[in-house]
Amino acid sequence: MQRLRPSLNAVWQGIGAQLRNPSGLWGRTTGGVMAFANAKPNTLAVAALSLRDGESLLELGCGPGRALQGLLRLPHLARVIGLDWSEVMLAQASRRNRLAVEAGRLVLVRGDFARLPFVDELADAVLAVNVVYFMYGSAAVREARRVLRPGGRMVLYATDRSAMRRWPFSGRHTHRLFDNNRLTALLIDAGFAAECIRIEGVDAGFGIKGLLAVAQKEKGSSPTGAASRWVMQ
């Protein structure tokens with residue numbers, strides 16, 4: 001049994017690494033798991049965005065494109081952008097939303113959360129479901145705030161650390177875990193004002209405790225200073 005333990009740990013770390021950056025055959029399988037596991041968190045997060053006519057949205061870590069598929073059913077969105085680092089996930093998102101991509105309603109971009117290839121104040125809303133675990137430090141959330149227009153909002157979902165710590169794939173090698181206080185601190189460190197942050201506990205399905213954060217960029221606020229690296233036409 002002792003000899004099996006290091007091998008089992010390596011398996012769990014491998015699963016955690018696939019969740020962080022799906023690749024290869026296992027990555028394609030991971031996409032299906034993500035689409036299933038994120039169904040209710042996606043529904044809760046999209047509802048919290050309270051999207052309005054003519055708004056544009058950026059999803060960070062769009063994965064296999066299931067949330068994008070639902071968003072594209074909203075005819076009033078002006079622009080929808082999905083960003084992911086995984087080429088496997090972008091391929092799945094493209095296939096799932098092929099007609100929207102061909103029609104120019106959806107743009108899919110490969111990029112790093114911490115160095116978003118977009119101009120300042122690009123989007124009215126940013127969606128990030130089950131990806132904050134892979135955002136080491138506050139740089140990625142600071143970038144999300146930079147690309148938000150004044151008055152825009154970011155909705156971020158994370159499974160509470162009380163649940164995550166029981167799952168062997170979410171170890172320190174691949175995941176950063178959050179409770180309410182730690183998630184609040186991350187958003188404040190990224191430049192969101194404390195009074196513009198709301199976090200509530202939610203049922204993410206199957207009795208799993210989740211955290212749903214809504215952070216609004218103050219009207220009249222200026223970008224955080226990061227340089228624009230890519231212009232979305």
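The text that follows walks through the structure, step by step, so that each part is easy to find. (Residues numbered from 1 in each chain as written. Predicted model: local features only at pLDDT ≥ 70, side-chain atom pairs only at ≥ 80, totals over all residues. Heavy atoms only, no water.)

So, on to the nonpolar core. Ranked by internal contacts, the top residues of the largest apolar core, which has 63 residues, are Leu 58, Leu 60, Phe 118, Val 132, Met 154 and Leu 183. Beyond its immediate sequence surroundings of up to four residues, Leu 183 is in contact with Val 132, Leu 156, Phe 178, Ile 199, Leu 211 and Ala 213. (Core = buried A, V, L, I, M, F, W, Y, C linked by side-chain atoms within 4.5 Å. Buried < 20%, exposed > 50% of the residue type's maximum accessible area, 1.4 Å probe, protein only. Contact = heavy atoms within 4.5 Å.)

A separate point is the packing of aromatic side chains. In the structure shown here, the tally under the stated rule is 1 aromatic pair. For the pair Tyr 133 and Phe 134, a centre-to-centre distance of 5.8 Å together with 80° between the ring planes defines the contact as edge-to-face. For the residue pair Tyr 133 and Phe 134, the accessibility class agrees, reading buried in each case. Taking the ring centre of Trp 85 as reference, the NZ or CZ of Arg 110 above it sits at 3.9 Å. One residue, Arg 182, lies across the ring of Phe 178, its end atom 5.6 Å from the ring centre. (Phe/Tyr/Trp six-rings, centres within 6.5 Å; stacked < 30°, edge-to-face > 60°. Lys NZ or Arg CZ within 6 Å of the ring centre and 35° of its normal.)

Positionally, Arg 79 belongs in strand E2 (residues 79-84). Of the residues examined, Arg 79 reaches a relative accessible area of 27% and is grouped as partly exposed. Between the C-alpha atom of Arg 79 and that of Arg 105, which follows or precedes it by 26 residues, the distance is 6.2 Å. (Helix = DSSP H or I, 4+ residues; strand = E, 2+ residues; numbered from the N terminus.)

For the rest of this paragraph, the subject is the environment of Arg 172. Position of Arg 172 relative to the elements: it lies in the loop between helix H8 (161-164) and helix H9 (180-189). In the structure, Arg 172 is positioned 39 residues away from Tyr 133 in sequence and 9.8 Å away in space, judged by C-alpha atoms.

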